[in-house]
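Coordinates in review
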Amino acid sequence: MTRLNITLPDEIAKELADRPNKSRFIAEVLKEKFDYENRKKLDHLLIEGYKSTSSDDKNIDVEWEKASLETWD
């Protein structure tokens, strides 16, 4: 564990005042925020990856279309 001294805006400090374990609450909120940001980054990377390979996927679809439709007579 690392001990930190932080400064908070008064309105946040007032809301935090009634919490029984302020450190745990702050740690949980920060973990949720970091997890959210990491998911957003991953989503962005996945979207970019899908976009960059979409033409490859279309080419593969065209190549396999004939084989896929052979039994549809």
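Our subject in this report is the structure included herewith.

The rules behind these values
- Residues numbered from 1 in each chain as written.
- Predicted model: local features only at pLDDT ≥ 70, side-chain atom pairs only at ≥ 80, totals over all residues.
- Heavy atoms only, no water.
- Helix = DSSP H or I, 4+ residues; strand = E, 2+ residues; numbered from the N terminus.
- Rg over C-alpha atoms; globule rule 2.2 N^0.38 Å.
- Buried < 20%, exposed > 50% of the residue type's maximum accessible area, 1.4 Å probe, protein only.
- Areas by Shrake-Rupley, 256 points an atom, 1.4 Å probe, with all protein chains shown as cover.
- Lys, Arg positive; Asp, Glu negative; His and termini not counted.
- Charge placed at Lys NZ, Arg CZ, Asp CG, Glu CD.
- Salt bridge = Lys/Arg side-chain N within 4 Å of Asp/Glu carboxyl O.
- Patch = residues over 30% accessible without salt bridge, like charges linked within 9 Å, V, L, I, M, F, W, Y side chains within 5 Å.
- Phe/Tyr/Trp six-rings, centres within 6.5 Å; stacked < 30°, edge-to-face > 60°.
- Lys NZ or Arg CZ within 6 Å of the ring centre and 35° of its normal.

1. A look at the overall build of the protein
Within the protein, the regular secondary structure consists of two helices and zero strands. Taken over C-alpha atoms, the radius of gyration comes to 25 Å for the protein, far larger than the 11 Å a tight globule of 73 residues would show. Taken over the C-alpha atoms alone, the protein extends approximately 75 × 25 × 25 Å along its principal axes. Per-residue burial over the protein gives 1% buried out of 73 residues. Accessible surface, the protein as shown: approximately 7,500 Å² in total, 55% of it carbon and sulfur. In the protein, the 13 positive side-chain charges and the 17 negative ones have mean positions that sit 11 Å from each other.

2. Observations regarding the pattern of salt bridges
Evaluation of the coordinates by the stated rule reveals three salt bridges. Here R24 and E28 are joined by a salt bridge, their closest N and O atoms 4.0 Å apart. One end of the pair, R24, and the other, E28, are both in helix α2 (residues 22–69), four residues apart, so they sit about a helical turn from each other. Of the charged contacts in the structure, one is a salt bridge between D35 and K31, with a shortest N-O distance of 3.0 Å. One end of the pair, D35, and the other, K31, are both in helix α2, four residues apart, so they sit about a helical turn from each other.

3. What about a negative patch on the surface?
Judged by side-chain charge, D56, D57, D61 and E65 come together as a negatively charged surface patch. Looking at the secondary structure, you find D57 in helix α2.

4. Details of the packing of aromatic side chains
Each aromatic ring pair is characterised by the separation of its centres together with the angle its planes make. Counted according to the given criterion, the structure contains zero aromatic pairs. Just above the ring of F25 sits the side chain of R19; from NZ or CZ to the centre is 4.0 Å.

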